[in-house]
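# Tertiary structure, described
What follows is the residue order along each chain.
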Amino acid sequence: MPEASHLIPPYGDRLVNLIVEEEAQADVRTLASRLPSLQISERSVCDLELLAVGGFSPLASFMGRADYERVLGEMRLARGLIFPIPVTLPADPAEGIRLGRDVALRDSKNDLLAVMHIEEIYPWDLEQTSRVVFGTTDPKHPLVAEMHRWGKLNLAGTLRVLRLPAHYDFRELRMTPLETRRRLQAMGATNVVAFQTRNPLHRVHEELTKRAADEVGGVLLLHPVVGLTKPGDVDHFTRVRTYRALASRYYDPQRILLALLPLAMRLAGPREALWHALIRRNYGANYLIVGRDHASPGSDSKGHPFYEPYAAQEMMRQYAGELGMGMVPFRELVYLPDEERYEEVSKVSPQASTASISGTQVREQFLNRGKPLPAWFTRAEVAEILAESYPPRHRQGVCVWFTGLSGAGKSTTAEVLTELLLEAGRQVTVLDGDVVRTHLSRGLGFSHEDRDTNIRRIGYVASEIVRHGGVVVCAAVSPYRATRGDVRNMVGSGHFVEVFVDTPLEVCEARDTKGMYARARRGEIKDFTGINDPYEAPEAPEITLNTLQASPEENSQRILEFLKERGFIRPENGLAAESGSAPQR
């Protein structure tokens, strides 16, 4: 950066750069071609990108044990600087993964990204990490569920990054910290307030961000996350289109910079707010707008919020001075229709007429019903983009996931439900556990790991069907809560209906025509669910079925009614209602 820059310096005073210089690229690539490879997850790819360009400065590698343990205990790196979130590279033991060796890091497409010299290999504790970082071990938390499929060891060592992950979308908006700083410097910015977002922006956000820029007397860095966000969030392609429309038409071009952040969010609430501030400092901001429930995944399995509403703001206040970042709290605004403007709730008279729409109402009462959002709530350009990406609810995808013991009645009920859904006009794909094992998971056994692999394969296929607007009915024992939680996250919670077929073990044994339970009792089958391997019943399924007091037809009808209530099945008079015409007589 030029010495005359008035921007806040990066955290730790310099931006980390791990990208191998051009003249050394060929030699490192030649070396990589002879090395064992480690295929890393999409989350680790996001982390590697931000490590490489300095987004996580002063962190210059995946964390070794000393950094990891101090981050868990004190939210600090081993050298003492604040860093609230562990950034690690999990892996399972494998041939070629040894201390003192180099390994080639590749993405899911097997493209070479970097070479790591392995300097540390150490175990990590899932329960401790969940409890300390996320404040919970509840698999309803997306990251807690996801961590169950992470490798059991963490790798750390020097990184030589050969290329950043390939991105072909919104290239003009994908700026590194250095590039972002140069743009902000060219705008003459001294104070920069960053806005963290993973959702579409409505008029209230527009008003808030403009006020924040005025409050600090500077520029707005509109910095949406386009890596991994909360499962079920609006996809980043749709979101960025809305941001671009707003930024180009409704903001002073000298007061806003739109740039994309390839971050894999952890949804860690207060800790994550502090992490977001640290990252934005590296991009040139010295203020961050911190919201109510900042970076929260919502509610736990018992319906309670994972984090207290203002815990993130409180933590930010506690560490703002040391981090060198100011905070602009997200203040609740309401619309005053009589005055055609927004105002802070605390400044509005109790007698004043106000208007507001919650996020749930946006989805349920407008987008899912194909109704246009009101102009006072959303700009017309944003409403049009959202309407294009979100068809009415009865054209959206949904996964009905049956879980329960072998012989509980999952497949029978799923078969009946499938015919009812077809009758109702939905196209249905059925993924039965036994059938999937024959065609998709041949060769897998019944160990804990193999069962998880089988269920995640079903979940992946289901998520793709749902993403493309289809209905998928899955029937699998799926005995482990964390794995079912992981599948829920793949599909998206709002499109996942967990159906617990609650049939007692003794009844399942009595129904067993294949003699599987008897063989398990005799010790001929190991790890059989309900006999010598546990079944973890859902804690908060959408539907619980009793197969002793209700028939498969009655239970299927109950599920169908639930789907109708959620809008996934169009009412019988839906065509007439949509067209606005009365039925002919």
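Predicted model only: the values in this text are computed from it and were never measured. (Residues numbered from 1 in each chain as written. Predicted model: local features only at pLDDT ≥ 70, side-chain atom pairs only at ≥ 80, totals over all residues. Heavy atoms only, no water.)

## Details of the overall build of the protein chain
Summing up its helical and strand segments, the protein chain has 20 helices and 17 strands in all. Principal-axis analysis of the C-alpha atoms gives the protein chain an extent of 80 × 70 × 40 Å. Contacts in the protein chain between residues far apart in sequence, at least 24 positions, make up 74% of those at least 6 positions apart. Summing over all exposed atoms, the protein chain offers an accessible surface of approximately 26,900 Å²; the carbon and sulfur share of this is 48%. (Helix = DSSP H or I, 4+ residues; strand = E, 2+ residues; numbered from the N terminus. Contact = heavy atoms within 4.5 Å. Areas by Shrake-Rupley, 256 points an atom, 1.4 Å probe, with all protein chains shown as cover.)

## Details of the sheet that holds strand E1 (residues 37-39)
Pairing is mixed across the open sheet formed by five strands, whose spatial order is E1-E3-E4-E5-E2. Every other strand in the sheet has two partners, leaving E1 and strand E2 (89-91) as the edge strands with one partner each. For this sheet, the mean angle separating the axes of adjacent strands, direction not counted, is 45 degrees. In this structure, E2 lies alongside strand E5 (residues 153-161), joined through three bridges in antiparallel fashion. What sits directly across from Pro90, in E5, is Asn154. Those strands touched by helix H1 (residues 22-33) are strand E3 (102-106), strand E4 (112-123) and E5, and its axis lies near 60 degrees from that of E4. (Pairing = 2+ DSSP bridges. Axes fitted to C-alpha atoms, helices over the stretch in contact; angles between N-to-C directions.)

## Overview of the sheet that holds strand E6 (residues 192-197)
With respect to topology, five strands assemble into an open sheet ordered E8-E7-E6-E9-E10, the strand pairing being parallel. Each edge of the sheet is formed by a strand with only one pairing partner; in this case those strands are strand E8 (256-258) and strand E10 (326-329). The sheet shows a mean angle of 25 degrees between the axes of neighbouring strands, direction not considered. Alignment of strand E7 (residues 219-224) against E8, held across three bridges, turns out to be parallel. If you follow Leu220 over to E8, its bridge partner there is Ile256. Contacts from helix H6 (residues 177-186) reach E6, E7 and E8, with the element oriented near 160 degrees to E8. Contacts from helix H10 (residues 311-323) reach strand E9 (287-290) and E10, with the element oriented near 155 degrees to E10.

## Remarks on the pairing of E3
Across the five residues that make up E3, a large majority, five, are buried. Covered by surrounding structure in E3 are Asp102, Ala104 and Arg106 together with Val103 and Leu105, the residues of both alternating faces. Sheet topology note: the E1/E3 ladder contains three bridges and is parallel. Of the residues in E3, the one forming a bridge with Gln39 is Arg106. Two elements, E3 and E4, share five bridges in a ladder whose sense is antiparallel. Residue pairing across strands places Asp102 opposite His117, the latter belonging to E4. Hairpin connection between E3 and E4: a loop of five residues separates the two successive antiparallel strands, and Asn110 in this loop has a positive phi of roughly 70 degrees. (Buried < 20%, exposed > 50% of the residue type's maximum accessible area, 1.4 Å probe, protein only.)

## Examining the confidence of the model for the protein chain
When pLDDT is averaged along the protein chain, the result is 91, and 96% of the positions lie at 70 or above. When the criterion is pLDDT under 50, residues 573-585 qualifies, and its contacts beyond four places in sequence or with other chains add up to five contacts. (pLDDT = per-residue confidence, 0-100.)

## Focus: the packing of aromatic side chains
Within the structure shown, the criterion is met by 11 aromatic pairs. Judged by centre distance (6.0 Å) and plane angle (20 degrees), the ring pair of Phe500 and Tyr535 falls under stacked. Here the residue Phe500 occupies a position in strand E16 (residues 496-501), and Tyr535 occupies one in the loop between helix H18 (516-521) and strand E17 (543-545), the gap between them amounting to 35 residues. For the residue pair Phe500 and Tyr535, the accessibility class agrees, reading buried in each case. Of the aromatic side chains, those joined through ring pairs into one cluster are Tyr335, Tyr342, Trp376 and Phe377. A cation over a ring is seen here: Lys210 above Tyr251, with NZ or CZ 5.1 Å from the ring centre. The side chain of Lys371 reaches across the aromatic face of Phe366, ending 5.2 Å from its centre. (Phe/Tyr/Trp six-rings, centres within 6.5 Å; stacked < 30°, edge-to-face > 60°. Lys NZ or Arg CZ within 6 Å of the ring centre and 35° of its normal.)

## A word on the nonpolar core
With 80 residues, the main nonpolar core has Phe56, Met63, Phe83, Leu105, Met116 and Leu263 as its most contacted residues. For Met63, the residues in contact, after removing those within four places along its chain, are Tyr68, Val71, Leu77, Phe83, Ile85, Pro86, Val87, Thr88, Tyr122, Leu155 and Ala156. (Core = buried A, V, L, I, M, F, W, Y, C linked by side-chain atoms within 4.5 Å.)

## Quick look at the packing of helix H13 (residues 410-423) against helix H19 (residues 552-565)
Packing of H13 against H19 leaves a shortest axis separation of 9 Å and a crossing angle of 50 degrees. Relative to H19, the element H13 is oriented oblique. Crossing handedness for the pair H13 and H19: right-handed. Facing H13, whose interface residues are Thr412, Thr413, Val416, Leu417, Leu420 and Leu421, H19 presents Pro552, Glu553, Asn555, Ser556, Gln557, Ile559, Leu560 and Leu563. The class makeup of the residues in the contact of H13 with H19 is eight nonpolar, five polar and one charged. (Parallel < 35°, antiparallel > 145°, perpendicular 65-115°, else oblique. Left-handed = near helix turned anticlockwise from the far one by under 90°. Nonpolar A, V, L, I, M, F, W, Y, C, P; charged D, E, K, R; others polar.)

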